[in-house]
Every structure is written in C-alpha cells, then in structure tokens.
Amino acid sequence: MIESLLIANRGEIARRIIRTARRLGIRTIAVYSDADAHALFVREADQAVRIGPPAPKESYLDGARILAAAKDTGAKAIHPGYGFLSENAEFAEAVVKAGLIWVGAPPAAIRAMGLKDRAKEIMQKAGVPVTPGYLGADQSRERLAREAAKIGYPVLIKAVAGGGGKGMRRVDEGAAFDTALQSCKREASAAFGDDRVLIEKYVESPRHIEVQVFGDSHGNVVHLFERDCSMQRRHQKVIEEAPAPGMDEATRASLTAAAVKAAKAVSYVGAGTIEFIADGSRGLSADRIWFMEMNTRLQVEHPVTEMITGEDLVEWQLRVAAGEALPKKQSELTIQGWAMEARLYAENPATGFLPSTGRLDHLQFPSDIRIDTGVEEGDQVTPDYDPLLAKLIVHAPSRSEAATKLAAACRDVEVWPVKTNAGFLARAASHPDFLHGGIDTGFIARHTASLVRPSEPPAVVIAAAAAALLPQDKTDPWAALTGFRAAGPVQSQVAVEIGDRIYLAETMPGGMVRHVDGADLLFLDGDVWPFSSPRPRSGGEAEASDGMVLAPMPGAVVLVDAAKGNKVKRGERLLVLQAMKMEYSLVAPFDGTVTDLTVSTGSQVKEGALLARIEKAG
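Residues numbered from 1 in each chain as written. Predicted model: local features only at pLDDT ≥ 70, side-chain atom pairs only at ≥ 80, totals over all residues. Heavy atoms only, no water.

1. Quick look at the sheet that holds strand β26 (residues 512–516)
Consider a sheet: its strands pair through backbone hydrogen bonds, and that pairing is either parallel or antiparallel. The five strands lie next to each other as β25-β24-β28-β27-β26, forming an open sheet whose pairing is antiparallel. Of all strands in the sheet, those bounded by a partner on one side alone are β25 (501–506) and β26. With direction set aside, neighbouring strand axes in the sheet form an average angle of 40°. Bridge count between strand β24 (residues 493–498) and β25: six bridges; the pairing is antiparallel. Within β25, the position partnered with valine 494 by the bridge is alanine 505. Packed onto the sheet, helix α16 (residues 459–468) meets β24, β25, β26, β27 (519–524) and β28 (527–532) and runs at close to 110° relative to β24. (Pairing = 2+ DSSP bridges. Helix = DSSP H or I, 4+ residues; strand = E, 2+ residues; numbered from the N terminus. Axes fitted to C-alpha atoms, helices over the stretch in contact; angles between N-to-C directions. Contact = heavy atoms within 4.5 Å.)

2. Considering the pattern of salt bridges
One pass over the full model with this rule turns up 50 salt bridges. The shortest N-O distance in the salt bridge between lysine 150 and glutamate 147 comes to 3.6 Å. In this pair, lysine 150 and glutamate 147 are both assigned in helix α7 (residues 141–151), three residues apart and thus about one turn of the helix distant. Between glutamate 275 and lysine 237 there is a salt bridge, with its nearest N and O atoms 3.3 Å apart. Here the residue glutamate 275 occupies a position in strand β13 (residues 270–279), and lysine 237 occupies one in strand β12 (residues 236–242), the gap between them amounting to 38 residues. By relative accessible area, which is 3% here, glutamate 275 ends up buried. With a relative accessible area of 10%, lysine 237 lands in the buried category. Look at the salt bridges and you will find they share partners, linking Arg16, Arg19, Arg23, Glu306, Asp312, Glu315, Arg319, Glu324, Arg370 and Asp372 into a network. (Salt bridge = Lys/Arg side-chain N within 4 Å of Asp/Glu carboxyl O. Buried < 20%, exposed > 50% of the residue type's maximum accessible area, 1.4 Å probe, protein only.)

3. Topic: the environment of isoleucine 18
In this fold, isoleucine 18 is placed in helix α1 (residues 11–23). Each C-alpha atom, one on isoleucine 18 and one on valine 314, is 9.6 Å from the other, the two residues being 296 residues apart in sequence. Contact partners of isoleucine 18, with chain neighbours within four places excluded, come to Ile7, Thr28, Phe41, Glu44 and Ala45.

4. Looking at the packing of aromatic side chains
We describe a pair of aromatic rings using the distance from one ring centre to the other and the angle between the two ring planes. The final tally for this structure, using the stated rule, is five aromatic pairs. An angle of 25° between the planes, with centres 5.1 Å apart, marks the rings of tyrosine 60 and phenylalanine 84 as stacked. Here phenylalanine 84 lies in the loop between β4 (77–79) and α4 (89–97) and tyrosine 60 lies in the loop between β3 (47–52) and α3 (63–73), a separation of 24 residues in the sequence. The exposure class assigned to phenylalanine 84 is partly exposed, which follows from its relative accessible area of 29%. (Phe/Tyr/Trp six-rings, centres within 6.5 Å; stacked < 30°, edge-to-face > 60°.)

Note that every value here comes from positions in space, so none of it alone points to a role or purpose.
This is the structure we're talking about:
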C-alpha cells in the first residue's frame, strides 16, 4: 500500500481523499494557496505546503510547484482529485517520471479520451454506439454548415477539447448556425486554447446517463452500474442519482457492457466514467443510447455510486495505483437501494444564479445524512474557485424515499449571508415531475419559474416571521401585537417588515429563527428571509408608500377620527396618540381609503405597531 500521499486539490474532494487515506494508515500531505491557508482540508492533513497565491494558474494548476512540494515532503504518490490537473496528461507523465505513483488514469488514456473527436473514433472502432455527427478535420465554416444540414437540425456544436458545458451550443435552424459557430469557437479558444469543434445530432428529451468503470494493471475491468445526471442547468449537473430511473435490466446490461468495452479499448486503469446520452422521449432503450465522452478521473458525483454499492471508490483508486488487483469481481457487485446527491452552490438563483461570495457567518447542515464539504462556519467564500459549498448525499430503499429524504435535507440547510441554491434544490427534489421520474436535461429550464424563490415572501413566511416577533414573555402586553385594547381582547395580527415592505399577518409559527450579527433571520424550506419589527416612520405623516401608519412611540390612543372605509385626504388627521403627556397626531400619507384600523380610543400600542392602513386612491 502507498505510504504517503500528496493531494493536488482542495476543498471537499481533498477532505474526502484524506478521510480514506487516514483509515488506510497513509500519511497525507495537502497543498494550498493563500486563499485556503486556514481551510479544513489543510488542518486535517498530516502535513501542508503552501504552493502560491489564490489564482489557480499560480497554485493548483502549477504542476512544477506541486511536484516540488511532493519532493520536499517525501510523498510517494499524488492524487489529483477532480478538476485542476486531474486530466492533464503532461502532468501525469511528469509525476511518473519523478518516480512517484500517479493515482489516476494512464497518460495515454487521458490523451485518447481528452479530445472528443478522437474519443469517438476509438469508440466507433471498438463497436460502442456513438451519436450521429461530424468529426472531420475540415473545420471550414462551409463544411461545418453542410454537415449540420446533412445531419438535420437541431444539432449541437461542441468544442473538441471541451468539458463542463463550455464551447457548446444548440442550433435549431440553419440561419442561426454561423452565429452559434463563431460564439462556440471563441469560447473554446478562450477556455481550452483549441477552437476546433464537432457537430452532433441534438437528441430530443436527452437523458445524461453515465457508467462508473474501474480497471487495474492486471487487465481487469468492471463497472459499478450507472448514474443519472440529467438534472442540469446550463450543462452543469445539479442533482445526480443512482441507479437511473426507468432503467430495466436488459438496457442496463447493454449499457454497462458498452462502458466496459470502451474502457478496455484504451487499456484503462483506475476510476473512469463513460458518459452516454439517451433519447428519453419513449423511455430508455439500448438502441437509443449513445456514447458521449469519457472522464478519466473520479467524478464529483461518485458518492451516489458508493452509497448503492457499499464500496469506497477512493480506496479502490489507491489500491489499484499501488499495483493491486481490483478489490471485487463483477459478480460480487450489486445495487443496494437508491442514492441521490444535490450540489449546494454559493449562488443566487434570484439573480440568474450569479455566484455569491463573502464570510459564512452562519452555516448549518442537516446531521442525519452524508455531507461532503470543504467549508465550515466562519470561512470565506472567494471568487477564485468553484462555488460548490457541499454535496448533500442520501440513501434509501426506494427512489421515492430517497427523493423525500433529499428534499428534506435541502430544506434544513442554513447559510447566511452568502446566498445558496438550497431552496431551489428542495423544490426541484420535490417537484411532481421529478418524483415521477420525468427528467431530462431540459427539466430545470422548463421549470425554473417554479423552482426559484419568489421575490415576495409567501404567506407562510410572513405568518412565521410575524409569529417570531411575538414575545416569549406572554405577560408583556406591549410586545409585537398590533394593538392592545384596554377594554377589549388583544388582537392577533402582527406587523412585520420583510425586505422593504411591511405586512400585516395572522401569526403561524414555522421554520427556524436565528439571530446572526444583529439580524433576525427566518430559515424556511431552504430559503432565508431577514425580518424585523416595522421601523417607525418619523414625523406626523407616514412615509411609507405602502400606506402603513405606524406608532412612532409607545403610548395610548386618545382620539380616533377615521373609520374603516372612510375616504381621506393627504395630511388629514387619522388619530391622536398620547405619550409622556404629549399628544401626537398621525395623518394620512396620501389621498385614499382607510382599509384597516387596528385600534380604538383607549388602545395601548408599542412603538412600530400598525395603527391603520391607507389604500392609495387610483
């Protein structure tokens, strides 16, 4: 077994590798940039080495610095995790040349699968079905346009060296081809330094299904079944699951056999994933599933495979890299239950999923599921790296139970003030179409409006925030209730300010209320809503355009001029409040109608209490 291991990565995957290595008695060495100097993975490793400033090209993508760190610490092996240098054949070769063990795919396999056109040629020769398309060397605009027309629209333009959704465009008609082609080439050139593209038939109702494969240096290759990664947003995976919904045994047998054949075609060693695209318009069938690409590394979503097989894929990687045979034969691997994973990102769905950065002043994950994360409360989320905060992973006997468990976990996430997609994930995992298995890569685009949090708080949020303003001490008659009548019952409506608006609501406890750095926060269904008692308006004339007339101070109502339904003019007196032996007149903020009057003569009110509401005249 490997004695010492340098992990050329960061965050949650670094922690994941450390966890298994420690269990196996392997000494771990972390490398870190200045941005990660105090990160969890740095503290958890047995040793840590600084390799540069935050910019990835000066740290995690600098192979020379990583190799120097390995030499200085006496590391015997390097694990690249995923991303960064994990699929860099030149770095893999440099590691081997330095006399170290490379815990990854052979450089030749990385090269063969790294270019999509070359990979498809290899798969075609191996008898693996590929999507109809053009893989030719002629990259002229005219030739590409002719091939697109020959294939038939819609088509997909894809960067030959692409990945992660970059350099990819769907084109629905010939008139839009040139614009899409130029855009795709520019993006591919910027991201990969290679603007070559291929053209594929765009599959209607596409499902993204991938097979986990493993090979060893003794010629053995097995699969660990499939994962469905169709829940995507802009080609980025959001929710993954295993096994794939709607997959029958005959189709699974055909699909996994093709995956093993693909791995053997490149003499594969280590963990790899064969990605397929399936036409899901008429259910899953082997004759409508085609090879898409191979990822020559451990995948972000590998935990769902671990959950349904009971295997530790990082341990498999380490054993295979050390020259051992695969831990199990194909006949010893079985599917147990159902697993799902949701990617919790530091992003704001309400602003088009823009990344959110800052300090994690409050961070709480559910305690009853597997959480793979690289952050803790107090950490900074910087713009230097991927915005993934955590992976929420669940396992259950059935798909419906797994979905219910995942939605509940997403609802229990609490993060502030950094924005996250927790509520979005909770709504996605509980959507009727998702629960019925009606998924494809267009699911999120079709349902975005119902998955993104509304800009206005729902009634349940207003009621819960209002309830949170009620005093714990029930003997205090001055607390958040809108009015207290000396000769009548206490009213049950409470005025609460959420965002820039004030709401009057019946109270209904719900969610979880936290007080963080002076802010009152309501966490409910994965979303967070800052709230407060209404801020008092200064002066006799209410300032709010919403027509709420609030008490500027605690006191007693000594005179009420208005009545519900009255027409009033701007500046007209509505009532008189007495406090500290002084009278204070409250007037209408604008012309309108009195729609609410919460007090009467003799009522005792608290500062900020809602006294009346005026509906502005049309």
